[in-house]
Amino acid sequence: MILRALLLLLAVPAIARAQVSRTDSAMFADLRADGNGVAALRTTIRVGFTGQRASDALKSVADQAQLNITFDPQLPELRTTLTIGAHERSAASALLEIARESRLRVRVSREAQVVVAALPVGVQQATARDTMPPVTLPAVRTGAERVERREFDFKTGVGKVSLTPRETRSAPVFVEPDVLRSVQMLPGIAARSDYSAGFNVRGGEADQNLILIDGYPIFTPFHMYGLFSTFIDPAVGRVNVYTGALPARFGERLSSVLSVESANATTSALRGTAEVSLVSSNASLSRTFHDGEGSWMIAARRTYADAVVNLVKPGAIPYHFTDVQGHFETPIVGGVRFAATAYDGVDKITRPNGEDDVFAGAWGNRVIGATLAKTFARGFLGGDSLALAQRVSTTRYDIHADIPIVLFHAANRITDVRTGGSVTLYRPRWTHEIGYELASDRTSYYANGPSGQGLGELIPYDSLAQQSRTASVYGDALWRPASSLIVEGGVRVDALDDGRGSIVLPRLSLKYFLTPDIAFIAATGRYAQWLHSLGREEELVQPFQFWVSSVSAPSVSRDASVGVERWLSPSRVFHVEAFHKHYERLLVPNSAHAFDEPGDEFVSQRGTSYGADVLLRQLDGGPFSGWLAYTYAVSTRISAEGVRSFPTQDRRHNLNLVGSWRAGAYAFGARVHFASGAPYTPVLGAFGRVLYDPTTKRWIRDPADPQTIPGELNSARVPFYDRVDVSVRRNGHIRGATFAPYLSIVNLLNAKNPAGYIYDFAGQPKRTSFPNLPFAPTFGVSIGY
Amino acid sequence: MLAAATTACVQTTSVSPDANTLVVHAVLDPGAQHQFIVVQTTTGALVTQRQVTHAVVTIATPDGRMLTAVERQDTAAVSVPRCERCSFPFPKVTTIYDVDVGAAGLVPGGTYQLRVVAPDGRTVTGRTTIPNAVLSTAPLPTQTIDRDRDTVSVQWSRVAGARSYQVFIRSTAGSYSLFADTSVVLPGTLQVLDNGEDVFERRLSHQLAVIAVDQNYFDYYHRTSDFFTATGLVMHLDGGIGVFGSVVTIATRTIVVE
């Protein structure tokens with residue numbers, strides 16, 4: 001026994017050193033059927049195993065009971081195949097069954113850490129009454145290799161950060177867990193204000209981010225004027241964010257790619273969740289089938305305030321939003337896998353009958369996508385394997401709103417239909433990928449209404465109808481000439497219709513390993529974008545994005561980055577990366593555009609962004625996880641007239657400290673956010689207009705509000721920003737279902753962080769701050785069964 | 001609850017306006033012999049927006065003539081009707097700069113240049129080209145409507161040199177305007193966005209005019225300043241703010257609301 005413990009210690013010394021002293025000193029005892037007093041081990045679960053390995057069986061129990069189980073994957077006993085009929089019992093009993101069948105030993109600490117080890121020599125079975133004194137084992141975390149570590153070992157991975165579902169939920173939330181708000185805490189990413197779920201990446205505009213759901217594009221995935229994203233929390237699996245050095249398979253955006261994967265079912269038993277927050281409620285169902293080869297998941301969410309209040313007072317709350325998301329995967333004939341994803345979401349403001357003076361409208365996304373994939377085994381074309389994939393999708397983003405009695409009407413629709421495919425050949429030192437994508441985007445935009453009455457800037461008046469077709473091909477090669485060097489080179493060619501030409505977009509990245517745990521990284525690439533939003537970046541609250549296609553040549557940028565990544569332990573990583581982005585041609589909304597002049601919607605600028613991202617991250621899997629993310633970035637823009645300015649997203653310093661602690665049944669979260677002030681345009685004064693009356697040939701006072709006299713564009717900055725958020729969640733069980741209420745407090749210290757200012761020059765001139773989120777406690781509960 | 005908490009985080013501080021600029025409103029109309037130009041100055045605080053006297057205002061014509069404005073007192077040149085929805089008091093304007101274009105009048109299609117020199121030397125210049133339209137002389141037939149049922153439809157032809165067209169409606173109750181292309185259909189129940197006032201008031205006679213406007217006029221009047229970005233107004237004056245534009249009336253109609 002002592003020899004085995006020493007062997008484990010020698011096998012993973014770095015892990016032992018990395019763990020905090022608390023776990024080093026934990027005392028372990030053999031698991032008993034009563035769960036050793038640990039609530040999670042008393043959880044009633046229903047699992048069965050048919051020909052599964054013991055390691056998979058342990059993971060299944062851990063997942064159902066929300067346990068952390070540690071074991072050395074090299075243990076030969078873990079390869080024992082099990083057949084245990086599905087039935088209900090406690091997690092402790094299930095673990096003991098697995099241990100008995102595979103001749104393993106399960107030990108539990110007072111802090112509810114569960115460790116699986118081999119039986120000591122000469123001991124046939126762990127017994128409930130073990131007379132041997134407990135052995136202090138180092139907290140060994142040698143489970144399945146992390147995705148992040150695999151990325152580090154085998155990919156260049158420049159500018160990429162990946163978040164697990166637990167990590168996206170671990171930080172304190174505003175009302176409810178939200179993918180896009182979690183992403184805002186990562187290095188290189190910032191938001192215009194607390195009210196926006198949108199984001200700016202390394203100084204780029206908010207419409208420069210390609211957002212994908214299972215690889216299919218989705219536009220403006222926001223609810224409630226930008227407060228929340230459209231992703232339903234239990235339906236979200238892993239989230240991958242590329243903040244630079246975008247691989248060649250990604251195009252159409254200049255700054256980033258946010259790829260959200262649907263959560264996968266993990267058990268053949270039907271599993272469900274339900275969550276209720278202050279704003280909405282959601283539910284999900286999932287299960288696997290076909291011996292785990294196939295799976296399906298469906299989730300839905302709706303706000304409930306209107307449904308409740310309108311029972312008593314009809315029409316009192318005319319607003320609600322809903323989402324439905326589903327994912328399905330299954331093998332079909334010939335080893336081909338079929339996967340499909342569907343999403344439908346809408347925000348709606350209804351108008352009572354006959355009340356034409358009331359604002360009403362609806363906006364949302366609909367996405368349907370399907371992929372066929374097949375992998376050919378070893379030996380095909382001289383490579384290890386060959387993977388083929390073909391996908392097709394359609395995405396529609398639609399917004400319409402009006403106030404009929406004042407002749408205000410706004411509508412924007414983008415319908416994206418695309419098909420694409422790829423062939424990937426895996427060889428020992430090479431991975432080759434070629435692919436194509438054909439896309440058709442039909443966009444229409446119409447907004448008009450009373451001039452001089454304050455709607456026209458938030459919703460720009462214009463009229464456009466466009467069709468944009470593109471054909472793209474790309475090639476990518478990942479080469480490992482030596483164990484210490486990975487080189488990835490690629491090129492993408494985008495051909496646009498209507499005389500907008502073709503553009504060649506090379507990509508190159510490399511990783512050089514100084515040691516197995518330290519790598520130097522570098523990358524460069526060129527990017528293009530031809531779909532843009534008409535919304536102004538300067539707006540503090542951007543309730544909508546209005547997507548149109550540029551009729552001229554696309555926006556083009558290039559970037560370069562260098563950095564170092566070091567793995568301090570199997571679960572702790574440090575990453576620093578310096579970047580430089582140059583916008584060769586950047587199309588931004590033209591504030592002087594006119595309703596009836598097609599082609600004047602955008603003006604061309606040049607610009608740069610440069611800086612550095614620092615990330616120190618403790619990965620998920622232990623009692624503590626979180627990260628420190630700091631970005632220093634400087635962004636400038638130069639107009640066609642040569643005037644230099646700082647864009648609104650030019651926050652020089654941005655620091656996020658995010659942490660999550662699990663202590664028994666409780667999980668605590670905290671986030672500290674510091675940022676330097678963002679630029680804004682000061683207002684020097686105001687004046688009243690007069691209108692020319694053609695019927696009397698004289699002047700009359702313009703009844704509109706006074707017009708502002710702006711100062712130099714973005715020449716002032718709001719004050720330093722600081723905010724502390726905290727949360728607590730209690731994981732419990734009621735009648736076999738997990739029951740986890742949570743309390744979250746945003747802006748615990750009620751820091752007054754102005755997002756901008758509203759000026760009033762009538763009477764004594766003054767300005768009033770437009771505040772970011774104040775002290776805001778929210779609560780909710782999630783239930784799993 | 002969130003709104004209340006947000007309100008508690010609002011901070012208000014005094015500011016010192018720093019604009020100190022001339023405000024000039026000038027619109028050339030071939031349908032009028034006298035062109036009235038409003039010249040004001042402001043520091044940026046609304047209470048300081050006041051008329052400028054003793055300014056030198058001249059307009060250069062396409063044929064090289066220089067028309068000089070006469071400064072005179074005219075309390076009716078700028079009317080300031082009672083306005084419940086207005087958020088600030090508009091300064092009284094009693095001094096107007098009157099440019100008499102004489103019998104020859106203004107030439108549609110012609111380009112005119114404005115120059116305003118204030119007594120302190122501040123100078124504002126601008127240029128406008130009048131839409132090349134024939135002045136409307138015969139009004140359209142009077143239309144009587146029941147505002148709860150009827151609509152007001154007006155159509156017109158395009159005019160060379162016009163950037164857009166504005167429909168202007170005036171009665172003793174107030175005025176309303178909107179920009180349109182070559183036609184407009186106005187419901188009798190039409191309201192003003194800001195406060196829900198009816199555009200067509202019962203038992204009143206309304207004067208409707210369609211004017212072809214130039215680029216300067218359109219850019220200045222078809223938008224308002226943005227709340228947060230402080231941008232939005234497009235002005236084509238040098239040395240000051242305001243407008244030097246031009247309009248031609250191409251259609252008129254009287255609308256009586258039952």
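First, a word on what this report is: a plain description of the structure on this page.

The rules behind these values
- Per chain, the residues get numbers from 1 upward, laid out in the order the sequence is written.
- Written order determines the labels here, with chains lettered from A and ligands numbered from 1.
- Residue-level local features of this predicted model are given only where pLDDT is at least 70; pairs of side-chain atoms are given and counted only at 80 or more, and the full residue set underlies all totals for whole chains, interfaces and linings.
- Neither water nor hydrogens contribute to the side-chain values; these are computed over all heavy atoms in the structure.
- Under the DSSP-based scheme used, a helix requires at least four consecutive residues in state H or I and a strand at least two consecutive residues in state E, with every element numbered from the N terminus.
- The globule rule is 2.2 Å times the number of residues to the power 0.38, and the radius of gyration it is compared with is taken over C-alpha atoms.
- A 1.4 Å probe rolled over the protein chains alone gives each residue an accessible area, and that area as a share of the maximum for its type sets the label: buried under 20%, exposed over 50%, partly exposed in between.
- Pairs of residues are marked as contacts when any of their non-hydrogen atoms sit within 4.5 Å.
- Summed over both partners, the accessible area (1.4 Å probe) lost when two parts come together is defined as the buried area.
- Just to be clear on terms, a salt bridge is a Lys or Arg side-chain nitrogen sitting within 4 Å of an Asp or Glu carboxyl oxygen.
- Polar contacts, as used here, are pairs of N or O atoms within 3.5 Å; protein pairs need one atom able to donate a hydrogen and one able to accept it. Residues neighboring in sequence count only if both atoms are side-chain atoms.
- We call Asp, Glu, Lys and Arg charged. Ala, Val, Leu, Ile, Met, Phe, Trp, Tyr, Cys and Pro are nonpolar, and the rest, Gly among them, are polar.
- Pairing between strands is defined by DSSP: at least two bridges between the two strands are required.
- Lines fitted to C-alpha atoms define the axes here, with helix axes fitted over just the stretch in contact, and angles between the N-to-C directions of these axes take values from 0 to 180 degrees.

1. Structural notes on the overall build of chain A
- When you go through chain A residue by residue, the secondary structure sums to 9 helices and 49 strands.
- Against the globule reference of 28 Å for 785 residues, chain A gives a C-alpha radius of gyration of 28 Å, in line with a compact fold.
- Projected onto the principal axes, the alpha-carbon positions of chain A cover approximately 110 × 65 × 50 Å.
- Counting over 785 residues, chain A shows a buried share of 58%.
- Of the contacts formed within chain A by residues at least 6 apart in sequence, a portion of 65% connects residues at least 24 apart.

2. Regarding the interface of chain A and chain B
- Taken together, the contact between chain A and chain B spans 73 residues of the former and 84 residues of the latter.
- Here chain A and chain B share an interface that buries about 7200 Å² over both sides, 61% of which is from carbon and sulfur atoms.
- Along the contact surface separating chain A from chain B lie 3 salt bridges.
- Between A:Arg698 and B:Asp74 there is a salt bridge, with its nearest N and O atoms 2.9 Å apart.
- At the junction of chain A and chain B, the tally comes to 22 residue pairs in polar contact (both at pLDDT 80 or more).
- Top element by residues in the side of chain A that touches chain B is strand β48 (residues 766-771) of chain A. It accounts for 6 residues.
- Of the residues belonging to the side of chain A that touches chain B, the class tally is 40 nonpolar, 17 polar and 16 charged.

3. What about the sheet that holds strand β47 (residues 754-760) of chain A?
- The strand order across the open sheet formed by 3 strands is β47(A)-β48(A)-β1(B), and the pairing between neighbours is antiparallel. On the outer flanks of this sheet lie β47 of chain A together with β1 (12-14) of chain B, each paired with one strand and no other. Ignoring strand direction, the axes of neighbouring strands in this sheet form an average angle of 30°.
- In the sheet, β47(A) pairs with β48(A) via 6 bridges, with the strands oriented antiparallel.

4. Quick notes on the pairing of strand β32 (residues 572-589) of chain A
All names here are of chain A.
- Where strand β31 (residues 555-569) lies against β32, 13 bridges are found, and the strand directions are antiparallel. Each residue of the ladder has a partner; that of Arg558, found in β32, is His582.
- The turn linking β31 back onto β32 is made up of 2 residues.
- In this structure, β32 lies alongside strand β33 (residues 602-618), joined through 16 bridges in antiparallel fashion. Looking at β33, one finds that Val576 is bridged to Val614.

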